[in-house]
Amino acid sequence: MVKPKNIYDSVFFKNFLILCLLISVFIFIPIKKLHALSHDWVGVPKSKYGEQLWDKKNITRNKDGSVRVLSKFIPKNKNEITEDIFYTMDINCFEKSFRDVNVATDKINEFVNNNANWKDPNGDQLILGVIGQVCNFERGKN
């Protein structure tokens, strides 16, 4: 067996460095970001305009008691202009109102507008479906 000339040439040392690198990656990347990379989409009943989905793995409770959720609208008729639209929504379960704090055509967009105005769903069955399902899901967790 050939011994390495110094510790830096040893297989043990190289494996140790790789292990340290992997551990540091998991320490410095927030777990929530890693968790958010996977989705568990839930659909509400479709409408004539398309369908709305919300992500069970992307729900958080805000300080004001509202619920923040990632949702996605898939238009019924797709073409080069219409794309899936991702919404980060805050939902007030008591008032059955919502606000879109982020709207994007890709889920990578990190801009969040926490000062958006609360809105009434105004009979929109897709939004009402998301509000109902998310609020029921949150109630069931407590």
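Refer to the preceding data block for the structure.
Quick caveat: nothing in here was measured; it's all calculated off a predicted structure.

Q: Can you walk me through the state of the cysteines in this structure?
A: Joining two cysteines, a disulfide is a covalent bond between their sulfur atoms. With the rule as written, the count across this model stands at one disulfide. Between the sulfur of C93 and that of C135 lies a disulfide, 2.0 Å long from S to S. Judged by the torsion about the S-S bond (-95°), the C93/C135 disulfide is left-handed. Residue C93 is located in the loop between β4 (85-92) and β5 (97-104), and its partner C135 is located in helix α3 (residues 125-141); the two are separated by 42 residues in the primary sequence. Owing to a relative accessible area of 18%, C93 belongs among the buried residues under this scheme.

Q: Help me understand the sheet that holds β4, please; the structure alone is not making it clear to me.
A: The strands making up a sheet are joined through hydrogen bonds of the backbone, oriented either antiparallel or parallel. If you trace the five strands from one edge of the open sheet to the other, you get β1-β2-β3-β4-β5, paired in antiparallel fashion. The open sheet has two edge strands, β1 (41-43) and β5, and neither has a second partner. Direction aside, the axes of adjacent strands within the sheet are offset by 35° on average. Here β1 pairs with strand β2 (residues 50-61) via three bridges, running antiparallel. Considered in β2, the bridge of V42 is made with W54. On top of the sheet, α3 reaches β1, β2, β3 (67-75), β4 and β5; it is set at about 30° to β2, its chief contact.

Q: Quick question: what am I supposed to make of the pattern of salt bridges here?
A: Two side chains that carry opposite charge are able to pair once their charged atoms sit near each other. Taken as a whole and judged by the stated rule, the model has three salt bridges. When the shortest N-O distance is used, the salt bridge between R61 and E138 registers 3.3 Å. With R61 in strand β2 and E138 in helix α3, this pair connects stretches of sequence that are 77 residues apart. A relative accessible area of 44% places R61 in the partly exposed class. The class of E138 is buried, set by a relative accessible area of 6%. The partner of D90 in a salt bridge is R68, with the nearest N and O atoms 2.6 Å apart. Here the residue D90 occupies a position in strand β4, and R68 occupies one in strand β3, the gap between them amounting to 22 residues.

Reading guide: rules and limits
- Residues numbered from 1 in each chain as written.
- Predicted model: local features only at pLDDT ≥ 70, side-chain atom pairs only at ≥ 80, totals over all residues.
- Heavy atoms only, no water.
- Disulfide = S-S within 2.5 Å.
- Helix = DSSP H or I, 4+ residues; strand = E, 2+ residues; numbered from the N terminus.
- Buried < 20%, exposed > 50% of the residue type's maximum accessible area, 1.4 Å probe, protein only.
- Pairing = 2+ DSSP bridges.
- Axes fitted to C-alpha atoms, helices over the stretch in contact; angles between N-to-C directions.
- Contact = heavy atoms within 4.5 Å.
- Salt bridge = Lys/Arg side-chain N within 4 Å of Asp/Glu carboxyl O.

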